[in-house]
Amino acid sequence: MAYTNMGSYKNGYQSAGNYNDAYIKQNAPGTYQQIQSAKSAWEAAHAAGDRAGMDAAHQMAESLRAAYGYSGGTDGSAYIPNGYAAIRAQYQDAADAAARVYRQAAQQGAARLESQRPQIQANYDDLARQAYVNYMLEKRDLPQTMGRLGLQGQGAAESTAAQQSSAYQQNLIRGELGRQQALASLEGQISDVLLQGDFQAAQAQADMNLAMAQGYPDYLETQWQRQQAAAQQQQQAQRWQAEQALAAQKQQQSAVDAQFDRQLAVAKVLAQYGDFSGYASLGFNPDQIAQMGLAWQRQQQMQNRR
């Protein structure tokens, strides 16, 4: 589709309409300013001979207008209501449905990961309990162990007990660190899954919006072609009606001419015998008919004198 000056009517250009986004200007000044920016971008691209830039600017303005259910036409000055709002709603419904699928899948994945939390807690609780049991057994058996090793004296027993306690505390600390690391890793996996779902949902909506934007020029082209076809059909119908009316008029005129010729022929035959009444149906008035009768009588008298 050829795009013209999008409402910047210079050099004597005749605009296609006189709407110029009046509704948006009144009710959505922000959107109206975006359209004005698109017009400025169109003019800059036009001055630079950048056809792609012109088309992109026109499409930007048209996409903004489409949100309000109309097109500005080829130059942005018209108001052409269109049915693309329903198509746009279908695109949006499809995008929302795809986004829901991705988010639901992410939530299910996050729930599966979350279900591992109790087992992680239980595993590290078991490790802590086992460390405590081992510590208490070692503490109980300390005197017997010291005797077998031949270690006597209060100082040796206290030193060994302190070592056992320290080892137990270290085991607890390592266990808690392992617990926190495992839980942090789980939280990271859950966050990654949810973020991935949000990203895929956003990507699905973006892809659908892009498809919608790319499909809009084709829609306008189709609408324009339909309008052209409808206009051509209407013109053909009008020509056919005019031709039929002209044919009927000619036929009627032909019938009138034929009737006139028949009446004239009858009037001429009657006039040969002095009867001029046949001319009455041809539009002659009584005085004219009377004059023709007098003239016929004088002609007959002159012929008789000879």
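Everything discussed here concerns the structure shown above.
Computed from a predicted model, the values in this text were never measured in an experiment. (Residues numbered from 1 in each chain as written. Predicted model: local features only at pLDDT ≥ 70, side-chain atom pairs only at ≥ 80, totals over all residues. Heavy atoms only, no water.)

## Examining the nonpolar core
Stage number 1. One finds I24, A28, Y32, I35, A38, A61, L64 and Y70 forming the largest nonpolar core, which totals eight residues.
Stage number 2. Put simply, the parts of the chain that give this core at least two residues each are α2 (29-48) and α3 (51-66). (Core = buried A, V, L, I, M, F, W, Y, C linked by side-chain atoms within 4.5 Å. Buried < 20%, exposed > 50% of the residue type's maximum accessible area, 1.4 Å probe, protein only. Helix = DSSP H or I, 4+ residues; strand = E, 2+ residues; numbered from the N terminus.)

## Let's talk about the packing of α2 against α3
Two numbers describe a pair of packed helices, the interaxial angle and the distance between the axes.
Stage number 1. α3 packs onto α2 with a crossing angle of 165 degrees between their chain directions and a minimal axis gap of 8 Å. By the criterion of interaxial angle, the relationship of α2 to α3 is roughly antiparallel. Crossing angle aside, the handedness with which α2 passes α3 is left-handed. Each of T31, Q34, I35, A38, K39, A41, W42, A45 and H46 in α2 lies in contact with α3, whose residues at this interface are G53, M54, A57, H58, M60, A61, L64 and R65.
Stage number 2. Counted by class, the contact of α2 with α3 contains 10 nonpolar, five polar and two charged residues. (Axes fitted to C-alpha atoms, helices over the stretch in contact; angles between N-to-C directions. Parallel < 35°, antiparallel > 145°, perpendicular 65-115°, else oblique. Left-handed = near helix turned anticlockwise from the far one by under 90°. Contact = heavy atoms within 4.5 Å. Nonpolar A, V, L, I, M, F, W, Y, C, P; charged D, E, K, R; others polar.)

## Observations regarding a nonpolar patch on the surface
Stage number 1. Taken together, Y132, V133, M136 and L137 make up a surface patch of nonpolar side chains, about 330 Å² in accessible area.
Stage number 2. Assignment of secondary structure puts M136 in helix α5 (residues 117-140).
Stage number 3. By relative accessible area, M136 is classed as partly exposed at 33%. (Patch = residues over 30% accessible without salt bridge, like charges linked within 9 Å, V, L, I, M, F, W, Y side chains within 5 Å. Areas by Shrake-Rupley, 256 points an atom, 1.4 Å probe, with all protein chains shown as cover. Salt bridge = Lys/Arg side-chain N within 4 Å of Asp/Glu carboxyl O.)

## Some remarks on the environment of F260
Stage number 1. Structurally, F260 is set in helix α7 (residues 154-272).
Stage number 2. We classify F260 as partly exposed; its relative accessible area is 39%.
Stage number 3. F260 sits 22 residues away from L282 along the chain, and the two C-alpha atoms are 7.1 Å apart.

## Re the environment of A38
Stage number 1. When you line up the elements, A38 lands in helix α2.
Stage number 2. Note: C-alpha distance between A38 and E62 (24 residues apart in sequence) is 9.4 Å.

## Regarding the side chain of E62
Stage number 1. Mapped onto the fold, E62 is located in helix α3.
Stage number 2. Its relative accessible area of 0% is what places E62 among the buried residues.
Stage number 3. A distance of 2.9 Å separates polar atoms of two side chains, one belonging to E62 and the other to R65. (Polar contact = N/O pair within 3.5 Å; in protein donor to acceptor, adjacent residues only side chain to side chain.)

Nothing here speaks to function; it is geometry throughout.
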